[in-house]
Amino acid sequence: MAKTAIQHACTECGYSAGRWFGKCPSCGSFGTLVEELAPKADGAAAKPLLRLVEVDAEEAKRIATGVPELDRVLGGGLVPASLILVGGEPGVGKSTLLLSALVSISRSRRALLVTGEESTAQVKLRAARLGGAENVEILAETQLETVCATLESERPDVCVIDSVQTLYSSEIGSAPGSVGQVREAAARLLRVAKKSHVATFLVGHVTKDGTVAGPRVLEHLVDCVLQFEGDRYHAHRVLRATKNRFGSTNELGLFEMTGEGLVGVPEPSELFGRAAEGEVGAAVACALEGTRPILLEIQALVAPTDLAMPRRVATGVDPKRLAMIVAVLSRHARLSLGAADVFVNVAGGVRIDEPGADLAVALAIASAARGGPVAARTAAFGEIGLTGRLRPATQAERRLEECAKLGLEQVVAPTGTPSGKLRILEAETLRSAIGVGLDGDGPDGR
């Protein structure tokens, strides 16, 4: 009897070898190689080649999901025959979001929900809370061959697989959720989606560090990777695209969890950009997420410390970026922060990645250190260089329009920022920006 071939695959990068290693030779991770059965070799016939000029590349019309915030992140809608991976922590609202999209799509197209984690009765209870899900078709199945055969025969326009970790193939001996099963399920569903023109959502579990569980090849196979972020104990959720073959990865979708499901927040500046006037250690930043400018409240606290190494704690801001801003403030703005802990927080749980919010973070820290508030009805945007000079932020006109819409009167910005409806407090250096941005000094000011 022939011996069964066993491969060891890495759960991080997908590297496979004939024997086990404690450390993956490809990505260097420890303890990530697990057993799986080697695929059987089968003969394949050659296919004729085509020239690109002979390919019929008709522009596919996107499918509107009925959830504007989801359409924004996808790049304008759902592309037919695409494969989309949606990841997020348990309880964040992935199933609720996709069921809401299926409810809207089912009004004009065929929408199918393949559930492997819940029974049909459990799904109906959630659908009754959302309302209008009478036309959504459902299949409770975990066997991969049955799911693929159903998709090929029924050919729905949109399908949601909840979740890909519950699918298993009888040809692979490993348990559901293992590296081999997840990779095989994604590969087969990709072929079915492209062949049958079924736009497919894959719901994926996440690990303790927030990344999608399974091999990284899962993210390489799909067309789009969406990350649903948020705290189950708070009402607001953020949807981001970390990969998108059909649109930008800079867009952001904001949702609020209500008793009737997830509701999009079309005006996030109204929610996150309201700061109390005269409050020490608070500044309003105008950040840019893709094409959407958002006003955010930056909060800072500077407190004396007895530690030999002062702490730099950031929530919603890159810690390395915060350390750089603190260093520039100490060196070029003459703020004594070497013996103080610095805490920075973005209100509402939103994360800022773009450098245009540097100036607002610096103003909030300077306000907390000097004890004086930022000038009333003032926002700030601009990039800080290591020399202390300010660099202009991109799309300043859109930022100014958003500030004017919220009722702000003036903006602290680098020199050269085009003027608009608001008063521009121009500053060439970080030190001069603090001088024009702070509304006087407090009792600890100098």
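Refer to the structure presented above.
Here's a quick rundown of the structure. (Residues numbered from 1 in each chain as written. Predicted model: local features only at pLDDT ≥ 70, side-chain atom pairs only at ≥ 80, totals over all residues. Heavy atoms only, no water.)

**What about the overall build of the protein chain?**
Keep this limit in mind: Secondary structure elements are taken from DSSP: a helix is a run of H or I of four residues or more, a strand is a run of E of two residues or more, and numbering for both begins at the N terminus. Exposure categories follow from relative accessible area, calculated using a 1.4 Å probe and restricted to protein chains: below 20% of the type maximum is buried, above 50% is exposed, and the middle band is partly exposed. The criterion used for residue contact is that any of the two residues' heavy atoms lie within 4.5 Å. Counting rule for charge: Lys and Arg are taken as positive, Asp and Glu as negative, and neither His nor the chain ends is counted. By convention, the charge on Lys lies at NZ, on Arg at CZ, on Asp at CG and on Glu at CD.
Within the protein chain, the regular secondary structure consists of 11 helices and 21 strands. Judged by the C-alpha coordinates and their principal axes, the protein chain covers about 85 × 50 × 50 Å. Across the 446 residues in the protein chain, those meeting the buried criterion constitute 49%. The long-range fraction of contacts in the protein chain, counting pairs at least 24 apart against all pairs at least 6 apart in sequence, stands at 67%. Taking the 49 positively charged and 53 negatively charged side chains of the protein chain as two groups, their mean positions are separated by 4 Å.

**What to know about the pattern of salt bridges**
Here is the rule we go by: Any Lys or Arg side-chain nitrogen found within 4 Å of a carboxyl oxygen on Asp or Glu counts as a salt bridge.
Evaluated as defined, the whole model comprises 22 salt bridges. With its nearest N and O atoms 2.8 Å apart, the salt bridge here joins R126 to E118. Relative accessible area serves as the criterion here: at 24%, E118 is assigned to the partly exposed category. Between R188 and E145 there is a salt bridge, with the nearest N and O atoms lying 3.1 Å from each other. With R188 in helix α5 (residues 179-196) and E145 in helix α4 (residues 144-154), this pair connects stretches of sequence that are 43 residues apart.

**Structural notes on the environment of I172**
Note on placement: I172 falls in the loop between β7 (158-162) and α5. Between the alpha carbons of I172 and E36 there is a distance of 7.6 Å; along the sequence they are 136 residues apart.

**What to know about the nonpolar core**
Applicable threshold: As used in this record, nonpolar core signifies buried Ala, Val, Leu, Ile, Met, Phe, Trp, Tyr and Cys residues forming a set joined through side-chain atoms within 4.5 Å.
The biggest cluster of nonpolar side chains holds 50 residues, and the ones touching the most others in it are I298, L329, V344, I365 and L430. The residues touching I365, leaving out its near neighbours within four places in the chain, are A300, V302, L322, I325, V326, L329, L337, V342 and V344. Core analysis: the next-biggest nonpolar cluster, separate from the first, contains 35 residues, L97, L98, V103 and L239 among them.

**Observations regarding helix α11 (residues 430-437)**
The condition that has to hold: The arc in question is formed by the directions pointing from the helix axis toward the C-beta atoms.
For α11, the set of buried residues is L430, A433, I434 and G437. All buried residues of α11 project into a common sector of 100° when viewed along the axis, lining one side. In the core, the buried residues of α11 are packed alongside α8 (319-332), α9 (358-370), β18 (383-384), β19 (390-391), β20 (410-414) and β21 (423-427).

**Structural notes on the pairing of strand β9 (residues 224-230)**
For clarity, the threshold we go by: We call two strands paired when DSSP finds no fewer than two bridges between them.
The buried fraction of β9 amounts to 5 of the 7 residues, a majority that puts the element mostly inside the structure. With 5 bridges connecting them, strand β4 (residues 83-88) and β9 associate as parallel partners. Bridge assignment links G88 to a residue of β9, and that residue is F228.

**Overview of the sheet that holds β20**
In any sheet, the strands associate via hydrogen bonds between backbone groups, in a parallel or an antiparallel arrangement. Defined as follows: A fitted line through C-alpha atoms represents every axis, and for helices the fit uses only the stretch in contact; the resulting angles, taken between N-to-C directions, go from 0 to 180 degrees.
Ordered by their spatial adjacency, 7 strands build an open sheet running β15-β16-β14-β13-β17-β20-β21, and the pairing between neighbours is mixed. Of all the strands in the sheet, the pair left with one neighbour each is β15 (312-315) and β21. Pairwise comparison of adjacent strand axes, ignoring direction, gives a mean angle of 30° for this sheet. Where strand β17 (residues 378-380) and β20 come together, 3 bridges link them in parallel fashion. Directly across from A379, in β20, lies its bridge partner V411. Seen against the sheet, α8 touches β15 and β16 (340-346) and runs at an angle of roughly 130° to β15.

**Side note on the packing of aromatic side chains**
Working definition: an aromatic ring pair is given by the centre-to-centre distance plus the angle between the planes. Definition in use: Pairing of aromatic rings covers Phe, Tyr and the six-membered ring of Trp, with a centre-to-centre limit of 6.5 Å; geometry is then stacked below 30 degrees between planes, edge-to-face above 60, and tilted otherwise.
All chains considered together, the criterion is met by 1 aromatic pair. Between the aromatic rings of F228 and F255, the centroid separation amounts to 5.9 Å while the plane-to-plane angle is 85°, which identifies the pairing as edge-to-face. Placement of F228 in strand β9 and of F255 in strand β11 (residues 252-258) is noted, with a sequence separation of 27 residues between them. Of the two residues examined, F228 and F255, each falls in the buried class.

**Things to note about the state of the cysteines**
Here is the rule: Cysteine sulfur atoms that come within 2.5 Å of each other are treated as a disulfide pair.
Enumeration according to the criterion identifies 0 disulfides in this entry. Free of any disulfide, C159 has its nearest cysteine sulfur in C148, 9.8 Å distant. Accessibility expressed as a relative area gives 0% for C159, which makes it buried. C159 supplies the cysteine sulfur nearest to C224, a cysteine that is in no disulfide, at a spacing of 16 Å. Residue C224 is classed as buried on the basis of its relative accessible area of 1%.

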